[in-house]
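If you want the building blocks of each chain, they are given just below.
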Amino acid sequence: MSEEEDCPPLCDMDTTVDDSNGEDDEWEVAEEQNDPVKCLFCESISPTMTVAIRHAKQQHDFDLAGVRRRFHLDEYSYIKMINYIRRENPGPEQFKTATGSSFPWADDKYLKPVENETWLMFDLDELDEIMLNNGTGGGNGGVSVEKENGNDIGDTMTLTTDQYRKLQGIINDLTAQLREKENLLQHAASSIEKMKESFRNVLAEQQQPSAGENGKAEVDDGAGGDKKLEQIKRKLEHCVSSVSVDDDQSYFNTYSHFGIHHDMLSDEVRTSSYRDAILRNADIMKDKTVLDLGCGTAILSMFASKAGAKEVISVDQSDIIYQAMDIVRKNNIDNIRFVKGRLEDTELPVEKVDIIVSEWMGYFLLFEGMMDSVIYARKQYLREGGLILPNRCNISIAGYGDLERHNEFIGFWKNVYGFDMSCMKKEVLREATVEVCKPEHIITNANIIANFDLMEVDVDCPNFSYAFDLKVKKDTQLTALIGYFDTFFELPEHIEFSTSPYSRPTHWKQTIFYLEEPVPVKEGQTITGKFVCRRDPKDVRSLFINIEVLDMVLKYTLN
């Protein structure tokens, strides 16, 4: 909302501008116009928020400041908690016994505000000051209560312009989220019917005659159809869409931490490559509907908007999406629509998109399994003739010989402060590690072991094998095999980047598969073997890696 636009009143309270001192531009709420505050746990009415907070603590042992600290309440979780209390009427004791990281008010349905709720207008930033002054308020821009002979006679609440805009921004976010939910509900019924129709078509196809080897029509007796359905089932049962949102939530929670977004945004190779691919190909983006899958801080959405996209749909399941909304609003971008949820369980507010852009790549490219979501988005939402950015990736492996690092990481367990802990090596070796590898320790040529065209691949693509031939460049010792990937935006203005040790380091680094003991190799020698990659059936975002090399069968996990 621009400064020139009229701002609606908060909770029907009249606001007036007090600029008599020529300093802070503040919105002052006249004391006689303050709304009474109903207690969260009884029918008691307090004349001010300060009195209501004190009443809740004294009468119900509900310490708002303590609850805020205990549950790490921010603006959104505070709003959810108040709405939860009003709708579900829990007892105050629940807020002293709740444990863990999942609370009853965590559901986004509690973002829908209760009408005429004064508690929702309270600024948590004022709470510490109120508690510090033992309920008497005070301080610039805070809540103050004047007293005479121990009786409350009224108060004045003052909101700075920044505070007012902050509250108005929250209201706008809630309104936008409600609008998105309404759109999803409208699409839900038609989507269910589409799925039913698709399933009926699949069943009908199984009953159709098929051509036999002699060219004549043969009628499927049901066994062939069952076999095809079983093949489809096997493909789908080990992909991300087969996992419940609750079971998958830990994955998304990792992206709610700001540190990981700092690492990704400060990875200049990654971020500038996406920026250049989008902005240098602005003609392709112009007037298009773009889906930013796993939008995070919405940096790719903003690039697409800047390149001239008509509309950007930004989807993310993690709570970082709320900060992304603030970022977009702060940068005055008005054509980005946010959808919170896992794509496989969420209906978008549009039927089709022209372009899918996503930074989905994990360690060793496939770790995290987010390619599944890109494939789902392609099948469900990409318009015929549409684009996926990036559109192609590949994985390479090479021989590695760094004796010093091998001794630090693997040999370390032979003597730990005088104790033999070599029994630990077996478990340590099973875990592939992610480190920056030095190019001078690459001792063979590289083999591309997998190539993925995002317009063609299916969800079983992480399950592959490759027979490799690695030619040794010098007499040395082999300590590990390493893996890395390359990414391609095959557009008129071609952009690509690599996570190879020979390229500028990225936050993906390289993936190292250590050998238990170094193996001597000679210049010109060819190291042959087989690399087998499979999903972990118990954790579809993780990988099992088997490497057959030098008469050894080595087993690794990426989880």
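Predicted model, so just to flag it, every value in this text is computed and none were measured. (Residues numbered from 1 in each chain as written. Predicted model: local features only at pLDDT ≥ 70, side-chain atom pairs only at ≥ 80, totals over all residues. Heavy atoms only, no water.)

A. Main features of the pattern of salt bridges. Enumeration over the complete set of coordinates arrives at 21 salt bridges. Glu117 is the salt-bridge partner of Arg86, the closest N and O atoms lying 2.6 Å from each other. Linking Arg86 in helix H3 (residues 75-88) with Glu117 in the loop between helix H4 (94-97) and helix H5 (127-132), this pair joins segments that are 31 residues apart in sequence. For Glu117, a relative accessible area of 7% corresponds to the buried category. Among the salt bridges present, the one from Asp326 reaches Arg329, with a minimum N-O distance of 2.5 Å. With Asp326 and Arg329 both in helix H13 (residues 320-330) and 3 residues apart, the pair spans about one turn of that helix. Classification of Asp326 by relative accessible area gives partly exposed; the value is 28%. On the basis of relative accessibility, which here comes to 30%, the residue Arg329 falls in the partly exposed class. The network of salt bridges with shared partners includes Lys80, Asp108, Asp319 and Lys340. (Salt bridge = Lys/Arg side-chain N within 4 Å of Asp/Glu carboxyl O. Helix = DSSP H or I, 4+ residues; strand = E, 2+ residues; numbered from the N terminus. Buried < 20%, exposed > 50% of the residue type's maximum accessible area, 1.4 Å probe, protein only.)

B. Highlighting the environment of Asn83. Along the chain, the position of Asn83 falls in helix H3. With relative accessibility at 0%, the residue Asn83 sits in the buried group. For the pair Asn83 and Lys112, spaced 29 residues apart in sequence, the C-alpha separation works out to 7.5 Å. Apart from the residues lying within four places of it in its own chain, the contact partners of Asn83 are Tyr110, Leu111, Lys112, Pro113, Val114 and Leu120. (Contact = heavy atoms within 4.5 Å.)

C. The sheet that holds strand S12 (residues 353-357), seen in detail. The sheet built from 5 strands is open, its strands ordered S11-S10-S9-S12-S13 with parallel pairing. Looking at which strands have only one partner, the edges of the open sheet turn out to be strand S11 (336-340) and strand S13 (382-389). The mean angle between the axes of side-by-side strands here comes to 20°, regardless of whether they run parallel or antiparallel. Summarising the sheet, S12 and S13 pair through 4 bridges and their orientation is parallel. Its bridge partner being in S13, Ile355 is matched across the sheet by Leu387. Packing against the sheet, H13 makes contact with strand S10 (311-316) and S11, and its axis sits at approximately 170° to S11. Set on the sheet, helix H14 (residues 371-381) makes contact with strand S9 (289-293), S12 and S13; between it and S13 the angle comes to about 155°. (Pairing = 2+ DSSP bridges. Axes fitted to C-alpha atoms, helices over the stretch in contact; angles between N-to-C directions.)

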